[in-house]
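Chain by chain, the residues:
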Amino acid sequence: FSKTVPLLDGGEDVAMILTPQAFSNLNHNGDIFNHANVHFWDYTQPGYDAIGLISCTGTNFLLRAKAFQHAGWFPEWTLTE
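Reading guide: rules and limits
- Residues numbered from 1 in each chain as written.
- Predicted model: local features only at pLDDT ≥ 70, side-chain atom pairs only at ≥ 80, totals over all residues.
- Heavy atoms only, no water.
- Patch = residues over 30% accessible without salt bridge, like charges linked within 9 Å, V, L, I, M, F, W, Y side chains within 5 Å.
- Areas by Shrake-Rupley, 256 points an atom, 1.4 Å probe, with all protein chains shown as cover.
- Salt bridge = Lys/Arg side-chain N within 4 Å of Asp/Glu carboxyl O.
- Buried < 20%, exposed > 50% of the residue type's maximum accessible area, 1.4 Å probe, protein only.
- 1 Å grid on protein atoms, 1.4 Å probe; cavity = no way out; pocket = protein on both sides within 12 Å on 5 of 7 lines; lining within 4 Å.
- Points joined across faces, edges and corners; volume = space filled by probe spheres on them.
- Helix = DSSP H or I, 4+ residues; strand = E, 2+ residues; numbered from the N terminus.
- Expected span 1.5 Å × (residues − 1).
- Bend = angle between axes of the 7 residues up to and from the residue.
- Contact = heavy atoms within 4.5 Å.
- Lys, Arg positive; Asp, Glu negative; His and termini not counted.
- Polar contact = N/O pair within 3.5 Å; in protein donor to acceptor, adjacent residues only side chain to side chain.
- Phe/Tyr/Trp six-rings, centres within 6.5 Å; stacked < 30°, edge-to-face > 60°.

## Points about a nonpolar patch on the surface
A surface patch of nonpolar side chains, about 300 Å² in accessible area, is lined by Tyr48, Ile51 and Leu53. A relative accessible area of 32% means that Tyr48 is categorised as partly exposed.

Structure follows, in structure tokens:
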């Protein structure tokens with residue numbers, strides 16, 4: 001948390017910061033079920049960032065309240081949120 005909060009100082013255009021989950025009991029060489037989701041964090045997310053997009057994973061993220069308010073807060077009509 002203390003490492004990600006300063007990243008919000010990157011400018012008003014920074015609205016969300018994501019960090020991957022870190023598993024201390026996962027052998028990354030034997031992660032045949034991709035629990036670490038390496039492809040998503042190492043390839044997909046940087047690709048999204050390059051074109052100005054972001055995909056929220058639902059955990060380990062910070063939002064800039066002003067940007068969240070501008071987007072309309074949480075949708076109240078969905079089944080998942």
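The structure having been displayed, the exposition proceeds.
## Details of the layout of surface pockets
It is the rolling of a water-molecule-sized probe over the atoms that shows where space remains empty. Its volume calculated, the largest pocket comes out at about 290 Å³. Taken together, Met16, Ile17, Leu18, Trp41, Gln45, Pro46, Tyr48, Asp49, Gly52, Leu53 and Ile54 form the lining of the largest pocket. If you list the elements that add at least two residues to the lining of the largest pocket, you get strand 1 (16-18) and helix 1 (38-50). Sorting elements by how many residues they give to the lining of the largest pocket places helix 1 first, with five residues. If you add up the space inside the second largest pocket, you get close to 240 Å³.

## What to know about helix 1
Its 13 residues place the ends of helix 1 18 Å apart at the C-alpha level, agreeing with the 18 Å of an ideal helix rising 1.5 Å per residue. Maximal helix bending in helix 1 amounts to about 30°, located at Thr44; proline Pro46 follows within four positions. Of all the residues in helix 1, the buried ones are Phe40, Trp41, Thr44 and Gln45. Where helix 1 is buried, its residues contact strand 1. Following helix 1 by one or two positions, Gly52 has its phi on the positive side, about 80°.

## Things to note about the side chain of Asp31
Relative to the assigned elements, Asp31 resides in the loop between strand 1 and helix 1. Buried within the structure, Asp31 lacks any salt-bridge partner; Lys3 is the closest side chain of opposite charge, at an N-O distance of 21 Å. At 3.0 Å, the side chain of Asp31 forms a polar contact with the backbone nitrogen of Ala36. When sequence neighbours within four positions are dropped, the list of residues in contact with Asp31 reads Leu26 and Ala36.

## Looking at the packing of aromatic side chains
Taken as a whole and judged by the stated rule, the model has two aromatic pairs. Consider the rings of Phe40 and Trp41, whose centres lie 5.2 Å apart with planes at 80°: the pair is edge-to-face. Judged by its relative accessible area of 15%, Phe40 is buried. Taken together, a centroid distance of 5.5 Å and an interplanar angle of 85° make the contact between Phe68 and Trp73 edge-to-face. Classification of Trp73 by relative accessible area gives partly exposed; the value is 46%.

Taken by themselves, the reported measurements are silent on function.
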